[in-house]
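One letter stands for each residue in the lines below.
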Amino acid sequence: MAKFIFVTGGVVSSLGKGINASSIGRLLKNHGLKVFMQKFDPYINVDPGNMSPLQHGEVFVTDDGAETDLDLGHYERFIDENLSRYSSVTTGKVYLKVIDKERKGEYGGKTVQVVPHITDTIKEYCYKAAENSQADIVITEIGGTVGDIEGLPFLEAIRQMRRDVGYNNTLYVHNTLVPYISASQELKTKPTQHSVKELQSLGISPDIIILRSERKIPQKDKEKIALFCNVNIEAVIEATDCKYLYEIPLNLAKQHIDDYIIHHFGLSTNPLDMSEWIKMVENIKSAKKETLVTVVGKYPLQDAYLSINEALKHAGWQYKTNVKIEYIDAETVDEENVNLLLGKADGILVPGGFGERAAIGKMEAIRYARENKIPYFGICFGMQLSLIEYARNVLGYKEAGSTEFCENCKMPIIDLKFSKRSMENHMRLGLYDCHLMPGTKIYDVYQTSDIKERHRHRFEFNNNYRKIYENTDVVFSGINLENDIVETIELKNHPWFVACQYHPEFLSRPNKPHPLFLGFMNAVIAEREKKNI
Ligand code: GLN
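Criteria and cut-off values
- Residues numbered from 1 in each chain as written.
- Predicted model: local features only at pLDDT ≥ 70, side-chain atom pairs only at ≥ 80, totals over all residues.
- Heavy atoms only, no water.
- Core = buried A, V, L, I, M, F, W, Y, C linked by side-chain atoms within 4.5 Å.
- Buried < 20%, exposed > 50% of the residue type's maximum accessible area, 1.4 Å probe, protein only.
- Contact = heavy atoms within 4.5 Å.
- Salt bridge = Lys/Arg side-chain N within 4 Å of Asp/Glu carboxyl O.
- Helix = DSSP H or I, 4+ residues; strand = E, 2+ residues; numbered from the N terminus.
- Near = heavy atom within 4 Å.
- Polar contact = N/O pair within 3.5 Å; in protein donor to acceptor, adjacent residues only side chain to side chain.
- Areas by Shrake-Rupley, 256 points an atom, 1.4 Å probe, with all protein chains shown as cover.
- Pairing = 2+ DSSP bridges.
- Axes fitted to C-alpha atoms, helices over the stretch in contact; angles between N-to-C directions.
- Phe/Tyr/Trp six-rings, centres within 6.5 Å; stacked < 30°, edge-to-face > 60°.
- Lys NZ or Arg CZ within 6 Å of the ring centre and 35° of its normal.
- Expected span 1.5 Å × (residues − 1).

Draft legend 1. Seen up close, the nonpolar core. Among the nonpolar cores identified, the biggest contains 83 residues, and Ile 5, Ile 24 and Ile 208 are the most heavily contacted of them. Non-local contacts of Ile 208, meaning those with residues more than four positions away in its chain, are made with Leu 171, Tyr 172, Val 173, His 174, Ala 235, Ile 237, Ile 257, Tyr 260 and Ile 261.

This is the structure we're talking about:
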């Protein structure tokens, strides 16, 4: 039977509890245990797919096509397990399920209530996650902060879990902040004590407390927290600010959090082997070279493109290079200022996006990369716009466009309707096959002809227009054979101009950079070196 770890947070948000949860996952995995992770989000949106990346960061997509919170990206990058729709649960999703059942009469006329109907449904997600993943350990992070009204049903559900499956099969990890008051030069433990009290008032006594702090926490403060919060001193763990994200599992391992958890669960496991991870962190620390990649997107902020951000860094580290990533709001890019804005870039990336806003600016950036032979990587919308830009500016079809942003487009080279499919207005989500043509750049980086990648889009290249690209530099290098959908393109006579309809960033891992990002970064570094000569 699976063991359940529940991760909560108190005092303030943004404590890094998702990273701590994933780091625990990585440690347990490296003890030889099978780990699965899930996130319970207290907001009412049914899934994060429709939420603004500006407020909520990127939408992360799983293999099975669930549109999820960006924290799942951290989970996958840390534990290197592909998660599923059972990993992303929101209040909206839970209520929808319960209300659906009620409408179908499945509650037989009973009064439907938060306890037990909502809480039972929440618990079902824990059990389903364990059953479907066959994991030894299921780690569940509860979004938000203890004390929020929205989080109460989730906390009640995880409280009940200990009653249901037993003390030795459940473990509560609570994350708090230990602030430093510079005027009195003191670290303060009181917010932690209050937060734990709040959790206890809901019937949950944490087994482990992780303390986020800017400074090292003296032993006497840890002892105080252990005493007041009723935990063992070995279970008071500090998480001081850390320069390298991927170092966090190692910091937790130094404090033997993994041994504490394994002992609590009464498991016998292999000894912890972090040798590969340590090597990876050393590699990150030894990166000395620098490059600049400019991401020309709709939202000039890192969280909206978090997986791309990480994937670029993963690939850079492989070449001992730190990638500086600059985000430019595509709406500000035009013919006049493009040289000023992109002149310094060693590589240009146009990420996924929706709607008309900023499409013109993105195409300007694409034209600049194409004409100046700067390495270019187009993802999803970035591929669609590359084809439109080429049709307009190289082939002279000024009316070429996408029906996504011009409804009566005279030349819809990107469109919804295709001869072989009738999936109109449906999002193509999750893993799909792609067949790569030998002899292309993309084949070279993957070193295989059949791949599977994650998708999230409605529009596609319209095959009726394939002929306009005949005898040009455009190569349709990857195709989904089942539905004859163009998946990847590239340009001949350019150092690196590659674009794909799918989202490769979701499959990059710090210890396994994605081949496409490696290929791009290789070209980016060559471009940088050219400038230095
Ligand atoms: N808006 C485009 C589509 O729906 C591209 C989506 C994306 O870039 N993720 O097809």
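Draft legend 2. Quick peek at the pattern of salt bridges. All told, the structure shown has 38 salt bridges when counted by the stated rule. Put simply, Lys 34 and Glu 81 hold a salt bridge, and the shortest N to O gap is 3.8 Å. Of the two residues, Lys 34 is situated in the loop between helix H1 (17-29) and strand E2 (35-41) and Glu 81 in the loop between helix H3 (71-79) and strand E5 (88-90); the sequence distance between them amounts to 47 residues. Residues joined by salt bridges that share partners form a network here, namely Asp 63, Glu 76, Asp 80, Arg 454, Arg 509 and Lys 512.

Draft legend 3. Just the site of the ligand, in detail. Taken together, the neighbourhood of the ligand is formed by Gly 352, Gly 353, Phe 354, Cys 380, Phe 381, Gln 384, Glu 404, Arg 456, His 457, Arg 458, Phe 459 and His 503. Contacts to the ligand include Gly 353, whose backbone N or O atom sits 2.8 Å from an oxygen atom. Measuring from a nitrogen atom of the ligand, one finds a backbone N or O atom of Arg 456 at 2.9 Å. Protein burial of the ligand: of its 290 Å² of free accessible surface, 99% is covered by the chains. Secondary-structure elements contributing two or more residues to the shell around the ligand are helix H15 (381-393) and strand E19 (450-457).

Draft legend 4. Looking closely at the sheet that holds strand E16 (residues 400-402). Spatially, E16-E17-E20 is the arrangement adopted by the 3 strands of the open sheet, whose pairing is mixed. Looking at strand neighbours, the two that pair on one side only are E16 and strand E20 (460-461), the edges of this open sheet. With 3 bridges connecting them, E16 and strand E17 (residues 411-415) associate as parallel partners. Across the sheet, Ala 400 pairs through a bridge with Met 411, a residue of E17. Those strands touched by H15 are E16, E17 and E20, and its axis lies near 160° from that of E16.

Draft legend 5. Up close: the packing of aromatic side chains. This model, assessed by the stated rule, comprises 19 aromatic pairs. Centre to centre, the rings of Phe 60 and Phe 506 are 4.9 Å apart; their planes meet at 65°, and the pair counts as edge-to-face. Separated by 446 residues along the polypeptide, Phe 60 in strand E3 (residues 60-61) and Phe 506 in the loop between strand E23 (497-500) and helix H17 (515-532) bring together distant segments of the chain. Residue classification places Phe 60 among the buried residues on the basis of a relative accessible area of 1%. Of the residues examined, Phe 506 reaches a relative accessible area of 3% and is grouped as buried. Summarising the aromatic geometry, the rings of Tyr 376 and Phe 497 are spaced 4.5 Å apart at their centres and angled 35° between planes, so their arrangement reads as tilted. Within this pair, whereas Tyr 376 is found in strand E15 (residues 376-379), its partner Phe 497 is found in strand E23, the two being separated by 121 residues in sequence. In this structure Tyr 376 comes out as buried when scored by relative accessible area, which is 0%. On the basis of relative accessible area, Phe 497 is assigned to the buried category, the value being 2%. Every member of this aromatic cluster is reached through a ring pair, and the members are Phe 4, Phe 6, Tyr 127 and Tyr 172. Residue placement shows Arg 215 over the ring face of Tyr 180; its charged tip is 3.7 Å from the ring centre.

Draft legend 6. Inspection of unusual backbone geometry at higher detail. Of the consecutive residues Val 115 and Pro 116, the connecting peptide bond is found in the cis state with omega at 15°. With a phi angle near 55°, Gln 134 is a residue other than glycine that sits in the positive phi range. By the element assignment, Gln 134 lies in the loop between helix H5 (114-133) and strand E6 (137-142).

Draft legend 7. Inspection of H17 at higher detail. In this model, H17 (18 residues) spans 26 Å end to end at C-alpha, consistent with the 26 Å of a helix rising 1.5 Å per residue. Along H17, the residues that are buried comprise Leu 516, Phe 517, Leu 518, Gly 519, Phe 520, Met 521, Ala 523, Val 524, Ile 525 and Glu 527.

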